Amino acid sequence: MSKELDKVATLAEVRTILDSLYPPELAEDWDRVGLICGDPAAPVRRILLALDPVQETVSEALTGQYDLLFTHHPLYLRGTSFVPVDDPKGKLIHQLISGGCALFNAHTNADVAQFGVAQALAEAVGLKDSEPLIPSGNDTHPGLGRVGKLPQPIPFREFAQRVANALPAGPQGLLVGGELAAQVQTIAVSGGAGDSLLADARAAGADVFLTADLRHHPASEHLEGGRPFLLCGSHWATEVVWCELAQKALQERFQECGFNIEVVVSKAVTEPWVLWLPTGEGEQ
């Protein structure tokens, strides 16, 4: 390690850098982002990046002696007045404080940011020069979702397989809706729940919209109207790709500031589902 990277950062200094990459003012009004627990004066030498603040990632952070667990999802999306140790989320708070590990999150502000979820998902499926699906009006942080073109048209089935190969493994896999043989080129993406963006993807002229958590009726009614065809991954799979992009952005920013901080992406698969089973096999 060079002497230029020998400064030990405080949590307050790390929070300033995180807020510059994922400004809290970009978050939706209903969202909760920022420092959930931790001492701003405490030193930060190791950071664990994960999608969810759950027992598995908290245990990983404490076992690995990380000083900060940085997640996409908040621990408390709605306010709480009680954090007893016999409550699942309260237990995590007690564990983190006792173990000297802070917890910070960037949620909808990371969805729209330059080094955010949408950008990571667009890059994962091969969109190099994408534009925001819904521009933010912020010169630095583009906006929600991305839309871009493939180098040349390909069959929808082929692109669906490309997406399935690009997303991390999980029990849900990838649901595909549309004309499999049709040629597609313009692709819209948005990690996480995408019901509310169906009309925006169509207005953008997308041939395909990749997202997650699509419900039966919105998806069915949308497909009745034609393109964009739909690819529905899991919430976790379409968002966890952000962690590696955030890791790179953080490492570059820490290096610029002269901070010696290790940033590691968690390997935990925090899908709520553990198994996929085919249905109908018992029918005669």
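Residues numbered from 1 in each chain as written. Predicted model: local features only at pLDDT ≥ 70, side-chain atom pairs only at ≥ 80, totals over all residues. Heavy atoms only, no water.

- Looking up the chain in an unreviewed UniProt entry gives the name GTP cyclohydrolase 1 type 2 homolog, with the organism given as Boudabousia liubingyangii.
- Under the UniProt heading Sequence similarities (unreviewed entry), the entry covering the chain gives this text: "Belongs to the GTP cyclohydrolase I type 2/NIF3 family."
- Under Subunit (unreviewed entry), UniProt gives the following word-for-word description of the chain: "Homohexamer." (UniProt positions renumbered as here; feature names shortened; annotations may be inferred.)

### Re empty space enclosed by the protein
Here is step 1: Under the criterion given, the structure shown has 2 cavities of 30 Å³ or more.
Here is step 2: There is about 50 Å³ of room inside the largest cavity.
Here is step 3: Taken together, Leu49, Ala50, Leu51, Asp52, Thr57, Trp236, Val240, Cys243, Val265, Ser266, Ala268 and Thr270 make up the lining of the largest cavity.
Here is step 4: Contributing elements (two or more residues each) for the lining of the largest cavity: strand S4 (46–50) and helix H9 (235–240).
Here is step 5: Residues of the lining of the largest cavity, tallied by class, amount to 8 nonpolar, 3 polar and 1 charged.
Here is step 6: Roughly 30 Å³ of volume is contained in the second largest cavity.
Here is step 7: Lining the second largest cavity, in full, are Asp111, Val117, Ala118, Leu144, Gly145, Ser190 and Gly191.
Here is step 8: Its residues placed into classes, the lining of the second largest cavity shows 3 nonpolar, 3 polar and 1 charged. (1 Å grid on protein atoms, 1.4 Å probe; cavity = no way out; pocket = protein on both sides within 12 Å on 5 of 7 lines; lining within 4 Å. Points joined across faces, edges and corners; volume = space filled by probe spheres on them. Helix = DSSP H or I, 4+ residues; strand = E, 2+ residues; numbered from the N terminus. Nonpolar A, V, L, I, M, F, W, Y, C, P; charged D, E, K, R; others polar.)

### Examining the domain arrangement of the chain
Here is step 1: The domains assigned to the chain are domain 1 (9–110 + 240–265) and domain 2 (114–233).
Here is step 2: Carbon and sulfur atoms make up 78% of the surface buried where domain 1 meets domain 2, a total of about 970 Å² over both sides.
Here is step 3: Together, Leu26, Val241 and Leu245 form the three largest contributors to the area buried by domain 1 at its contact with domain 2, with a combined 50%.
Here is step 4: Where domain 1 meets domain 2, there are 0 salt bridges. (Domains from an automatic or database assignment. Buried area = accessible area lost by both parts, 1.4 Å probe. Salt bridge = Lys/Arg side-chain N within 4 Å of Asp/Glu carboxyl O.)

### Description of the environment of aspartate 195
Here is step 1: The residue aspartate 195 is located in the loop between strand S10 (183–193) and helix H7 (198–203) in this model.
Here is step 2: When the C-alpha positions of aspartate 195 and histidine 217 are compared, they lie 10.0 Å apart, and in sequence the two are 22 residues distant.
Here is step 3: With sequence-adjacent residues up to four places away left out, aspartate 195 is seen in contact with Asp213, Leu214, Arg215 and Pro218. (Contact = heavy atoms within 4.5 Å.)

### A closer look at the packing of helix H1 (residues 11–21) against helix H10 (residues 242–257)
Here is step 1: Where H1 meets H10, the axes come as close as 11 Å, and the angle between the chain directions of the two elements is 130°. Judged by the angle between their axes, H1 and H10 are oblique. Handedness of the crossing formed by H1 with H10: right-handed. Each of Val14, Ile17, Leu18, Ser20 and Leu21 in H1 lies in contact with H10, whose residues at this interface are Ala249, Leu250, Arg253, Phe254 and Cys257.
Here is step 2: Residue composition of the contact of H1 with H10, by class: 8 nonpolar, 1 polar and 1 charged. (Axes fitted to C-alpha atoms, helices over the stretch in contact; angles between N-to-C directions. Parallel < 35°, antiparallel > 145°, perpendicular 65-115°, else oblique. Left-handed = near helix turned anticlockwise from the far one by under 90°.)

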